[in-house]
Amino acid sequence: MTESLGEVEADETEKPEVSPEALEAAENFTTALNNFHWRADYLKFCEVLGFTPDNYAEEKYQQFRELVSYLDCFDKEAIAKMIEAGQ
């Protein structure tokens with residue numbers, strides 16, 4: 001009990017290590033979605049997901065584009081930590 005308050009706080013705020021498996025899963029997930037986004041247009045998106053091109057499919061395509069955009073806001077380590085926390 002000789003630790004000062006500052007030392008205890010520093011220990012509690014250390015970043016947890018992320019497993020190589022979670023990091024690989026995050027990398028694979030984001031890379032695959034980015035690749036699909038890059039290669040697929042609206043019609044390919046509908047084909048892959050089995051959608052009939054309509055208002056619903058257009059809404060889902062827009063949500064997919066937003067998903068890819070927002071995923072790029074996080075680095076792979078942050079995504080890996082969320083993956084691990086969700087298991």
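Keep in mind the model is a prediction, meaning the values are calculated, not measured.

Calculation criteria
- Residues numbered from 1 in each chain as written.
- Predicted model: local features only at pLDDT ≥ 70, side-chain atom pairs only at ≥ 80, totals over all residues.
- Heavy atoms only, no water.
- Helix = DSSP H or I, 4+ residues; strand = E, 2+ residues; numbered from the N terminus.
- Expected span 1.5 Å × (residues − 1).
- Buried < 20%, exposed > 50% of the residue type's maximum accessible area, 1.4 Å probe, protein only.
- Arc of directions from axis to C-beta.
- Contact = heavy atoms within 4.5 Å.
- Salt bridge = Lys/Arg side-chain N within 4 Å of Asp/Glu carboxyl O.
- Core = buried A, V, L, I, M, F, W, Y, C linked by side-chain atoms within 4.5 Å.

1. Details of helix α2 (residues 20–39)
Between its first and last C-alpha, α2 extends 28 Å over 20 residues, near the 28 Å set by a 1.5 Å rise per residue. Every buried residue belonging to α2 is among Ala22, Ala26, Thr30 and Leu33, and all of these are buried. Buried residues of α2 fall within an arc of 65° about the axis and therefore sit on the same side. For α2, the exposed residues lying more than 90 degrees away from the buried face are Pro20, Glu21, Glu24, Trp38 and Arg39. Tucked inside the fold, the buried residues of α2 contact α4 (55–71) and α5 (76–85).

2. Overview of the pattern of salt bridges
What the rule picks out here adds up to two salt bridges. Where Lys44 meets Glu47, a salt bridge forms, and the shortest distance between an N and an O atom there is 3.5 Å. Of this pair, Lys44 and Glu47 both sit in helix α3 (residues 42–49), three residues apart, roughly one helical turn. The exposure class of Lys44 is partly exposed, given its relative accessible area of 36%. Since its relative accessible area comes to 57%, Glu47 is described here as exposed. A salt bridge links Lys81 to Glu77; its shortest N-O distance comes to 3.4 Å. One end of the pair, Lys81, and the other, Glu77, are both in helix α5, four residues apart, so they sit about a helical turn from each other. With a relative accessible area of 39%, Glu77 lands in the partly exposed category.

3. Some details on the environment of Lys76
With respect to the secondary-structure elements, Lys76 resides in helix α5. Distance in space between the C-alpha atoms of Lys76 and Ala26 is 5.8 Å, their sequence separation being 50 residues. Each residue touching Lys76, except ones within four places of it in the same chain, is listed here: Leu23, Ala26, Glu27 and Thr30.

4. Section: the nonpolar core
Note on soluble globular proteins: their nonpolar side chains tend to be buried together. Membership of the largest hydrophobic core comes to 14 residues, with the highest contact counts inside it found for Leu33, Tyr42, Phe64 and Ala80. Elements supplying a minimum of two residues to this core: α2, α3, α4 and α5. In terms of residue count, the dominant contributor to this core is α4 (five residues). Non-local contacts of Ala80, meaning those with residues more than four positions away in its chain, are made with Val18, Ala22, Leu23 and Ala26.

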